[in-house]
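For reference, the chains in residue letters:
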Amino acid sequence: MPETSSDWPAGGGETGALMRGMDWGQTVLGPPAGWPQSLKTCIDLMLPAQTQIVLFWGPQFVAFYNDTYAPTIGRKHPHALGQPASVYWSELWDDLGPLLEGVRTTGRTLSAHDRPFQIERHGYLEEVYFDISYSPVRGEHGEVAGVLCLVRETTERVRSERARQQAEAALEATNHHFRMAQAAGGIGVFSIDLASNTLHASAEFCQLFGLPPADAMPASAVEALADREGAEQMSTSDSRADGSAPLDAEYRIRRADDGRLRWIARRAEFVRDRLGRPLQMRGVVQDVTERKAAELTLRESEARFRELAQAVPNQVWTATADGLLDWFNEQVYDYCGLGHDDLVGDGWSRVVHADDYPRAAHLWMRALESRTRFDTEYRLRRHDGSYRWHLVRAIPVTGAGGELRWIGTTTDIHDQKTAQDELASLNVRLEERVEERTRDRDRIWRLSTDAMLVARFDGTIVAINPAWKNLLGWDEAELLGKSFFPLVHPDDVERTAVEARRLSAGLITVRFDNRALHKDGRWRTMSWTAVPDAEFIHAIGRDITDQLAAATALAETQDRLRQSQKMEAVGQLTGGIAHDFNNLLQGIIGSLDMVRKRAAQQRHDEAERFVTSAVASAQRAAALTHRLLAFSRRQPLDPRPVKANPLVHSMEDLLRRTLGEHVALELVLAAGLWVTLCDPNQLENAILNLAINARDAMPQGGRLTIETCNTHLDSAYALSHGGLEPGQYVCISVTDTGVGMTADVVERAFDPFFTTKPMGQGTGLGLSMIYGFARQSEGACRIYSEPGRGTTVKLYLPRNHAGEAVEAQTAERPAAQPVEASEVVLVVEDEEIVRALILEVLAELGYRALEAADGPSGLALLEAEGRIDLLVTDIGLPGLNGRQMVDAARHRRPDLQVLFMTGYAENAAIANGFLEPGMAMITKPFSMDTLAARMQDMIGSGRPQGG
């Protein structure tokens, strides 16, 4: 071989060309000039050979190979050429390295037959087989300098041999199955010659398909019997020819003789030639119709079970006979947050609380071994990491095929378990409390300052506590076994007996007051609360004698304070009223003087104008006096239907005088205002007090607006203002443009005695009285105010439907007309002018009239014989007052009709029960027409009916 690669002769194929072009100076061996002759000789012989040859040279086993070998190493070529074998055969080096080293060391030839190697071909590793001989190559001095490998690939032979062996084993197994099938009976055996498509079948085969027995028949005769369901599983001539026909298959046929549908199971194999091409298909068939029906029933049953399991709220699961879980409904996944693969098998151990798992697993194993019901409780981890208690139950179920399965449910009982624990804890606490309460009851019995009593329903005393000694002076020994009723005030005995009977009927006494005898002879007022049991009355009594006395004194004090508040307002009104009253008197006196002058001048036609002026002034004076009397009187609430608009309008003059010229008054009165139910005089009082407060809040002047409207308060508003019922209300609001109030002042504005006025200028009772009036009238009072923006006070008074109905039924009263009758009217009046006017009216009406100037004179006429149909009397008379005179006269004349006249407020007398049936009242001053109408009404109502 030449000394340099460039001088090498042509030849050796691609590998020889590569070797000639390589820069050997950069390799382990160095330039070829230094190579031994033995190496060069081997290379010259190796390159043109048609056998795969590899030469490994030197201590590092540098690789040389020919073109024939290059495809075997794939992508390693040409990089492996001239490189140490350990670099490019690294995946084989654990086996190849020792083998090469062994040849070089021993100098013997070694051989390997069908040796497997994992070689990268076409981009992936492939297992290939080789016959390889490893021969030593001697160097210049007889040493082993290299190893020459002759390689022959045997992959195809090895694979063919293995396929043959497998086919023979399969054939033997098939023949065995055929023999077993024929021996078992009911199983048909067949073979199909693929070249002729001829079917050879056993008698059992023909019977299964409803065909007449035949040794041979076209395969298409069986193919024609295929039903649509499972037809793709039946082999055809094409699928058999290319070997794609399924070997193990189940399909449905329609039998040739009777047309019945039957399911057939086929197990088959192909017999192939040496090239692997199918020559014959042979196998066995069996009727599996009953099994398919059972499987269908089982699938439907399982489908229904799983559908039901998904619908129930519980967690449902199933397990195999050995206890491995294999199915779960969605509720299981939703609860634990794990998937099927996480839970299947023994995955349930992942979610059971560590403290509960050993016990649960032990019980599960016992249930599996005994095949008995599994029933226990343990904690399961939820998807959020918390643990909740569950009741877990499972039962063994045997399927149609005899296989055992478990069906289980898991029910969340955490809340129930918690409640049970709490109940148990509560029972313990209750027992402790009962003991404690018993001790407390004994202490209360001994230490209570209230009288405690246990008595039978007939009043027999069974037990009393020590407080009886302090409250009523009695020792236990003095009262035990005796009746309680001798200790009760005689006037209260019947009421007390009735209350005892109520208790015996099972009712409870919340508060019952009676008087009990103190040992020193005094009567003490006791307030009792009592409950019954099966045999006894258990009562607690509190001495409220001093409380009642204090309450009476407080009520009197509050009444005096309330009157003081009124009089305070009256005092503020006095100056303005006196000025206005003088103006009114001037109008009356001046007008009458002008009438007298015109009469003296015979100018009668001008008198009417002055008379009208005098009457108008007098009526205004009467209204002003009536308001003042009504405002300043003392009387309890007298609720009645009230039309707020006329009431507010009638107060206009009084309010303007009160406010003064620097405050403008505006009335905004809604049309169609409902009737309300309240005390009209208290309403006037409230409006006047609010006007005075508003005036004081506007020292520099301003505007006061009184507005009325209908409103509906809904449930939400009523609920936020405790004690107020939702419904329809009349709203009266008083708004000023004054200084306003802060939130804390508004909060306390209704408190008694709270005032922002300087000392001596206010009692602090005005707003509290208005609030009390509104609440007593079943209404409400609200304040809306901001500093610098004024104040609005709203009164809500309930609508009164009954008052509206009465108003609607009231007809307009006709003017009094003269009558032709013999009725007699007695007039008792100490004012001669007033008495003369009344007598004049009676004469015009056609009545006979008697008169008296004082009470005794009037009584004398009433006690005398003679007819009197109506008594018209003043209340304030000399000698006897009007009521005393009437009371004395009614002994003789019980049906006497009486019309009282008074200069005081009419309502004061009515509210205090002054009037009795057959009595009426008219307030001075009144017009003569009004008096005439009232007298005619009363005489008419007292006149006998019928003719």
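Before any of the text, the structure's been laid out above.
Report on the accompanying structure. These figures come from a predicted structure and were not determined experimentally.

## Description of the overall build of the protein chain
Right, on to step 1. Summing up its helical and strand segments, the protein chain has 30 helices and 33 strands in all.
Right, on to step 2. Expressed as a percentage of the 947 residues in the protein chain, the buried residues total 41%.
Right, on to step 3. Within the structure as shown, the protein chain displays about 51,000 Å² of accessible surface, and the carbon and sulfur contribution to it stands at 53%.

## Here's the deal with the nonpolar core
Right, on to step 1. One finds L55, F56, F64, W89, Y134 and C149 to be the most contacted residues of the largest nonpolar core, which totals 41 residues.
Right, on to step 2. Contributing elements (two or more residues each) for this core: α2 (37-46), β1 (52-57), β2 (62-65), α4 (93-106), β3 (110-121), β4 (124-138) and β5 (144-153).
Right, on to step 3. In this view, W89 contacts A63, Y69, I73, K76, A80 and L96; residues no more than four positions away in its chain are not counted.
Right, on to step 4. Judged by nonpolar contacts, the second largest core, of 40 residues, contains L655, V745, F750 and L795.

## Comments concerning the sheet that holds strand β14 (residues 374-381)
Right, on to step 1. With antiparallel pairing, the five strands of this open sheet are ordered in space as β13-β12-β16-β15-β14. At either margin of the open sheet sits one strand with a lone partner, and together these are β13 (325-328) and β14. The mean angle between the axes of side-by-side strands here comes to 30°, regardless of whether they run parallel or antiparallel.
Right, on to step 2. The pairing of β14 with strand β15 (residues 387-398) spans eight bridges and is antiparallel. Within the sheet, the bridge partner assigned to T376 lies in β15 and is V392.
Right, on to step 3. Contacting β12 (315-320), β14, β15 and β16 (404-412), helix α12 (residues 357-370) crosses the sheet at an angle of about 145° to β14.

## Describing the pattern of salt bridges
Right, on to step 1. A complete count under the given rule lists 43 salt bridges for this structure.
Right, on to step 2. Note that K417 is salt-bridged to E377, the shortest N-O span being 2.7 Å. Taken together, the residues K417 in helix α13 (residues 414-447) and E377 in strand β14 connect sequence positions 40 residues apart.
Right, on to step 3. We classify E377 as partly exposed; its relative accessible area is 29%.
Right, on to step 4. One salt bridge in this structure joins E666 and R703, with 3.4 Å as the shortest N-O distance. With E666 in strand β23 (residues 663-669) and R703 in strand β25 (residues 702-713), the pair connects residues that are 37 residues apart, well separated along the chain.
Right, on to step 5. For E666, a relative accessible area of 33% corresponds to the partly exposed category.
Right, on to step 6. Overall, R703 belongs to the partly exposed group, its relative accessible area being 40%.

## Some details on a negative patch on the surface
Right, on to step 1. A cluster of like negative charges, contributed by E431, E432, E435 and E436, occupies part of the molecular surface.
Right, on to step 2. Its place among the elements puts E431 in helix α13.

## Quick notes on α4
Right, on to step 1. The end-to-end C-alpha distance of α4, which contains 14 residues, comes to 19 Å, matching closely the 20 Å that a straight helix rising 1.5 Å per residue would cover.
Right, on to step 2. Inspection of α4 places L96, G97, L99, L100 and V103 among the buried residues, and these make up the whole buried set.
Right, on to step 3. Just downstream of α4 lies G107, where phi reads positive at about 75°.

## Focus on the pairing of β2
Right, on to step 1. Burial along β2 is two-sided: V62 and F64 facing one way and A63 and Y65 facing the other are all buried.
Right, on to step 2. Sheet topology places β1 next to β2; four bridges connect them, and they run antiparallel. Paired with F56 across the bridge in β2 is A63.

## A few points about unusual backbone geometry
Right, on to step 1. Put simply, H77 and P78 share a cis peptide bond, and its omega is 10°.
Right, on to step 2. Secondary-structure assignment places P78 in the loop between β2 and α3 (85-88).
Right, on to step 3. The phi dihedral of D114 falls on the positive side, at around 50°, and the residue is not glycine.
Right, on to step 4. Even without being glycine, N197 reaches a positive phi, approximately 55°.

## Looking at the packing of helix α20 (residues 652-659) against helix α21 (residues 680-696)
Any two packed helices are characterised by how steeply their axes cross, that is the angle between the axes, and by the distance between the axes.
Right, on to step 1. As a packed pair, α20 and α21 sit with axes 10 Å apart at the nearest point and diverge in direction by 25°. As the angle between them shows, α20 and α21 are arranged roughly parallel. Handedness of the crossing formed by α20 with α21: right-handed. When α20 is examined against α21, the residues L654, L655, T658 and L659 are found in contact with a partner set consisting of I687, L688, A691, I692 and R695.
Right, on to step 2. Class assignment for the residues of the contact of α20 with α21 results in seven nonpolar, one polar and one charged.

## Observations regarding a nonpolar patch on the surface
Right, on to step 1. Nonpolar side chains collect at one region of the surface, where L423, L426 and L430 lie side by side and expose about 230 Å² of accessible area between them.
Right, on to step 2. You can see L423 is positioned in helix α13.
Right, on to step 3. Here L423 falls in the partly exposed class, since its relative accessible area comes to 47%.

## Topic: the pairing of strand β27 (residues 780-785)
Right, on to step 1. For β27, a buried count of five out of six residues is recorded, marking the element as mostly surrounded by other parts of the structure.
Right, on to step 2. The antiparallel pairing of β27 with strand β28 (residues 791-798) creates a hairpin that spans five residues between the two strands, and G788 there sits at a positive phi of about 80°.

## What to know about the packing of aromatic side chains
Right, on to step 1. Counted by the stated rule, this structure contains 14 aromatic pairs.
Right, on to step 2. Arranged with centres 5.8 Å apart and planes meeting at 65°, the rings of W35 and F64 form a pair that is edge-to-face. With a gap of 29 residues between them, W35 in the loop between α1 (13-21) and α2 and F64 in strand β2 connect regions that are remote in the sequence. Each of the two residues, W35 as well as F64, counts as buried.

## Observations concerning the packing of helix α27 (residues 855-863) against helix α28 (residues 882-889)
Right, on to step 1. α28 packs onto α27 with a crossing angle of 20° between their chain directions and a minimal axis gap of 10 Å. Relative to α28, α27 is oriented roughly parallel. Judged by the twist between their axes, the crossing of α27 over α28 is right-handed. Contacts between α27 and α28 pair G855, G858, L859 and L862 from the former with M885, A888 and A889 from the latter.
Right, on to step 2. When its residues are assigned to classes, the contact of α27 with α28 shows five nonpolar, two polar and no charged.

## So, the side chain of T873
Right, on to step 1. When you line up the elements, T873 lands in strand β31 (residues 870-874).
Right, on to step 2. We classify T873 as buried; its relative accessible area is 0%.

## Overview of the environment of S237
Right, on to step 1. By the element assignment, S237 lies in helix α8 (residues 237-241).
Right, on to step 2. With relative accessibility at 36%, the residue S237 sits in the partly exposed group.
Right, on to step 3. With 45 residues separating them in the primary sequence, S237 and I192 have C-alpha atoms 9.6 Å apart.
Right, on to step 4. Each residue touching S237, except ones within four places of it in the same chain, is listed here: N197 and E223.

## Observations concerning the sheet that holds strand β33 (residues 919-923)
Right, on to step 1. Across the sheet, five strands lie side by side as β30-β29-β31-β32-β33; this open sheet has parallel pairing. Of all strands in the sheet, those with a lone pairing partner are β30 (848-852) and β33, marking the two edges. This sheet shows a mean twist of 20° between the axes of neighbouring strands, independent of strand direction.
Right, on to step 2. Of the strand pairs in this sheet, strand β32 (residues 897-902) and β33 are connected by five bridges, and their pairing is parallel. The partner of T902 across the bridge, within β33, is T923.
Right, on to step 3. Running over the sheet, α28 touches β29 (824-828), β31, β32 and β33 and is turned about 150° from β31.

What counts as what
Residues numbered from 1 in each chain as written. Predicted model: local features only at pLDDT ≥ 70, side-chain atom pairs only at ≥ 80, totals over all residues. Heavy atoms only, no water. Helix = DSSP H or I, 4+ residues; strand = E, 2+ residues; numbered from the N terminus. Buried < 20%, exposed > 50% of the residue type's maximum accessible area, 1.4 Å probe, protein only. Areas by Shrake-Rupley, 256 points an atom, 1.4 Å probe, with all protein chains shown as cover. Core = buried A, V, L, I, M, F, W, Y, C linked by side-chain atoms within 4.5 Å. Contact = heavy atoms within 4.5 Å. Pairing = 2+ DSSP bridges. Axes fitted to C-alpha atoms, helices over the stretch in contact; angles between N-to-C directions. Salt bridge = Lys/Arg side-chain N within 4 Å of Asp/Glu carboxyl O. Patch = residues over 30% accessible without salt bridge, like charges linked within 9 Å, V, L, I, M, F, W, Y side chains within 5 Å. Lys, Arg positive; Asp, Glu negative; His and termini not counted. Charge placed at Lys NZ, Arg CZ, Asp CG, Glu CD. Expected span 1.5 Å × (residues − 1). Parallel < 35°, antiparallel > 145°, perpendicular 65-115°, else oblique. Left-handed = near helix turned anticlockwise from the far one by under 90°. Nonpolar A, V, L, I, M, F, W, Y, C, P; charged D, E, K, R; others polar. Phe/Tyr/Trp six-rings, centres within 6.5 Å; stacked < 30°, edge-to-face > 60°.

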